[in-house]
Amino acid sequence: VVGDYNGDGKPDLATCNYAVVGVVSVMIGNGNGNFASPVNYSAGSYAGLLMSADLDGDGKTDLLVPNTKSASVAYLLGNGDGTFGVARGVGSGSGPGGITVGDFDGDGKPDVAVSSTTYDSVVVSLNKRANFSAFSVSSGVLTLSSAAGPITLSENAGILSVNTSNSTDRILAANITSIVLSGAAVTVSSDLGGVGGSGSVGVTVNTGASIVFNASQHLTNLIVNGFATTSPGGGKVLRVTGLAIGATAKIDLNDSDLIYDYAGVTPQQAATRNLIAPAWMGGAWIGPGITSTAAKNSVGRRTGLGYMEAADYKAIYGASATFDGETIDSTAVLVKYTLYGDADFNRTVDFNDFLKLQNGFGGTNGSFAQGDFDYNGVTDFNDFLILQNNFNQTLAAALPGSPAPANPAASPTPAAPQSPAPSPISAPSPAGTASIAGVLFRDNNQNGKFDRGDGVGRGAMVYLDLDDDGVKDANEPSAIADSSGKFTFKNLVAGKYRVRQMLAKGTVDSTPARYVTLARGQAAKGVLLGSRAK
């Protein structure tokens, strides 16, 4: 490439050397046909073509070099004295070939377009400050790094725009199959499923990376080892055909829904429940897995994430039923932000939900459709209490295509399902190995101690007051004391718990507040809760 690189009015020469270690050689001309010895600059790998332009608008000539084996374009900013700075990189399609410079967005700054020799695609990098965003495209995989700062992705008519504070890069490619976040913080403003056709692109969020979905998504795999979330405000559904979450990672649905349209015929209900239960944390929604900040912050903590197989959903609403306006088959798990107790996903807790709980009572490996509202797979008295606390409640917001709520006024108040008396009923909690056991007693001599002659609180409720507000919330674990006044909470995770009793009318606590701090796997015994007459 011929240019005046040192500003002396004499033509200079730059060449590139196609090799594993690509080199650009610059030779300053003396004006009589002779040139000075070449000065070499590293320019990536397999530097094939060379082009000059003033990229940063300083009046000095810069150089651009496609690296055909590294899916990038190197650019060297000129100093105006015949020397150049260290090569920097801008992402391009796999196998960059032809390159041209032009003002594609009309802002008066030169932009770069690169064609791919591997795919039928072109990458356009819009020049914002001659500091193009740090990304790469190779074999259909778009990798985004933290070097570019916050990134916004949007798709329109098959064109994927990668926007940073420094650049807007447009990838004209219908064959992007995967987007990988490597330390990047990314916001997605439209459905990425349109990049290569509906549902043909996957997203991987590596450790330390994060992604915010501001629109419904249709993805292949969603693999999260960092953090992924849908923005609050509802109206969105996240549809995936593959789902994996790391041990400490989170997918925060907020008040949106999820369709896990799995492959094969093996139901994934239990596997999905096992992703929700660690996040639930007895209603605190602070653990890893599939979580909901909206449920965590809801008034009275009455909402959570319902889950059921699509086959159960179709059994309720018919074989052609849609979910959030989406067509579904019978091999999918549906996760819905709704009220605890909403067994039929219509946003209202009514007698129909009670009947479903009653039909599933005592069963194992159930879902919301069978009355499992505390994510342990078992439908028991604790689930009835959860439903009872939300009975005749309706959650207003819904996505188009959701079932309409029933008329709660027409629903009678249910009675508890009948079953053999348990001994004692243990409150289920998310995956954990710790436990709390104790005794409820009637402090007849009012000395605050469990003495001979004191009665026991058989049949009374004990609960874990997760928010320590003195009120039994719908999602707080509870237990019923057996005939000896004994109660047990099992499968607890490590943490601090406030143990309270549900006092009968005319009685007060006679023992101090009981706070129990559990280590992993610890069994805390001998927790005494006394009551006495006022």
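Before reading further, recall that the structure is shown in the block above.
Residues numbered from 1 in each chain as written. Predicted model: local features only at pLDDT ≥ 70, side-chain atom pairs only at ≥ 80, totals over all residues. Heavy atoms only, no water.

Thoughts on the environment of Ser298
Here Ser298 shows up in the loop between helix H2 (293-297) and strand E27 (303-309). Excluding its chain neighbours within four sequence positions, the residues that come into contact with Ser298 are Thr303 and Tyr337. Side-chain polar atoms of Ser298 contact the backbone oxygen of Ala295, separated by 2.9 Å. (Helix = DSSP H or I, 4+ residues; strand = E, 2+ residues; numbered from the N terminus. Contact = heavy atoms within 4.5 Å. Polar contact = N/O pair within 3.5 Å; in protein donor to acceptor, adjacent residues only side chain to side chain.)

Some remarks on helix H1 (residues 269-280)
Its 12 residues give H1 an end-to-end C-alpha distance of 16 Å, which sits within 8% of 16 Å, the value for a rise of 1.5 Å per residue. Taken residue by residue, H1 has Gln269, Thr272, Arg273, Ile276, Ala277, Ala279 and Trp280 as its buried positions. Down the axis of H1, the sector holding all buried residues measures 160°, keeping them to one side. Here the buried face of H1 lies against strand E25 (257-260), strand E26 (289-291), E27, helix H3 (310-317) and strand E30 (333-339). Positioned one or two residues after H1, Met281 has a phi angle of 50°, which is positive. (Expected span 1.5 Å × (residues − 1). Buried < 20%, exposed > 50% of the residue type's maximum accessible area, 1.4 Å probe, protein only. Arc of directions from axis to C-beta.)

Thoughts on the sheet that holds strand E38 (residues 514-518)
Reading across from one edge, E34-E33-E36-E38 is the order of the 4 strands in this open sheet, with antiparallel pairing throughout. Here the strands that pair on one side only, and so sit at the sheet edges, are strand E34 (478-480) and E38. In this sheet, adjacent strand axes meet at a mean angle of 25° when their direction is disregarded. (Pairing = 2+ DSSP bridges. Axes fitted to C-alpha atoms, helices over the stretch in contact; angles between N-to-C directions.)

Comments concerning the nonpolar core
Ranked by size, the top nonpolar core spans 75 residues in total, and within it Leu144, Ile179 and Tyr375 carry the most contacts. When neighbours within four sequence positions are excluded, Tyr375 is seen to be in contact with Arg273, Ile276, Ala277, Trp280, Trp285, Gly304, Leu305, Tyr307, Tyr340 and Phe368. (Core = buried A, V, L, I, M, F, W, Y, C linked by side-chain atoms within 4.5 Å.)

Some remarks on the pattern of salt bridges
A full pass over the atoms with the stated rule returns 7 salt bridges. Asp257 is the salt-bridge partner of Lys336, the closest N and O atoms lying 3.2 Å from each other. Of this pair, Lys336 sits in strand E30 while Asp257 sits in strand E25, and the two are 79 residues apart along the sequence. Lys336 sits in the buried class, given a relative accessible area of 3%. Asp257 gets classed as buried once you look at its relative accessible area, which sits at 2%. For Arg500, the salt bridge identified is with Asp465, shortest N-O distance 2.6 Å. On the criterion of sequence distance, the pair formed by Arg500 in strand E36 (residues 495-501) and Asp465 in the loop between strand E33 (461-464) and E34 is long-range, its members being 35 residues apart. For the residue pair Arg500 and Asp465, the accessibility class agrees, reading buried in each case. (Salt bridge = Lys/Arg side-chain N within 4 Å of Asp/Glu carboxyl O.)

Observations concerning H3
For H3, the set of buried residues is Ala310, Tyr313 and Lys314. Projected down its long axis, H3 shows its buried positions confined to an angular sector of 100°, all on one face. Looking at the packing, one finds that the buried side of H3 touches E27, strand E28 (322-323) and E30. Positive phi appears at Gly318, one or two residues downstream of H3, with a value of about 105°.

A look at the sheet that holds strand E2 (residues 12-17)
The 4 strands are arranged E1-E2-E3-E4 in an open sheet whose pairing can be described as antiparallel. Since the sheet does not close on itself, it has two edges, and those belong to strand E1 (2-3) and strand E4 (39-42), each with one partner. Here 2 bridges tie E1 to E2, and the two strands are oriented antiparallel to one another. Bridging from a neighbouring strand, Gly3 pairs with Asp12 of E2.

Side note on the side chain of Asp443
Tracing the backbone through its elements, the reader meets Asp443 in the loop between strand E31 (434-442) and strand E32 (455-456). Buried within the structure, Asp443 lacks any salt-bridge partner; Arg532 is the closest side chain of opposite charge, at an N-O distance of 5.8 Å. Apart from the residues lying within four places of it in its own chain, the contact partners of Asp443 are Gly448, Lys449, Asp454, Ser510, Ser531 and Arg532. (Lys, Arg positive; Asp, Glu negative; His and termini not counted.)

Digging into the packing of aromatic side chains
All told, the structure shown has 18 aromatic pairs when counted by the stated rule. Chaining the aromatic ring pairs together yields one cluster made of Trp280, Trp285, Tyr307, Tyr313, Tyr317, Phe323, Phe345, Phe368, Phe373 and Tyr375. (Phe/Tyr/Trp six-rings, centres within 6.5 Å; stacked < 30°, edge-to-face > 60°.)

With respect to the environment of Ala332
Tracing the chain through its elements places Ala332 in the loop between strand E29 (326-327) and E30. Classification of Ala332 as buried rests on a relative accessible area of 0%. A C-alpha to C-alpha distance of 10.0 Å links Ala332 and Arg239, two positions 93 residues apart in sequence. Leave out the neighbours within four places in its chain, and Ala332 touches Ile259, Tyr260, Asp261, Tyr262, Met308, Glu309 and Ala310.

Here we look at the side chain of Thr229
Of note, Thr229 is situated in strand E22 (residues 227-230). Taking relative accessible area as the criterion, Thr229 reaches 9% and is therefore assigned buried. Those residues in contact with Thr229, other than ones at most four positions away along the chain, are Ile211, Val212, Phe213, Asp252 and Asn254.

Comments concerning the pairing of E22
Pairing of strand E20 (residues 210-213) with E22, which is carried by 4 bridges, proceeds in the parallel orientation. The residue bridging Ser210 from the neighbouring strand is Phe227, located in E22. One ladder, built from 3 bridges, connects E22 with strand E24 (residues 250-252); its direction is parallel. In the strand pairing of E24, Ala228 is matched with Ile251.

A few points about unusual backbone geometry
Here the phi dihedral of Asn254 falls at roughly 55°; this positive angle occurs in a residue that is not glycine. Among the secondary structure elements, Asn254 is positioned in the loop between E24 and E25. With a relative accessible area of 8%, Asn254 lands in the buried category. A positive phi angle is found at Asp324, which is not glycine, with a value near 55°. Positionally, Asp324 belongs in the loop between E28 and E29.

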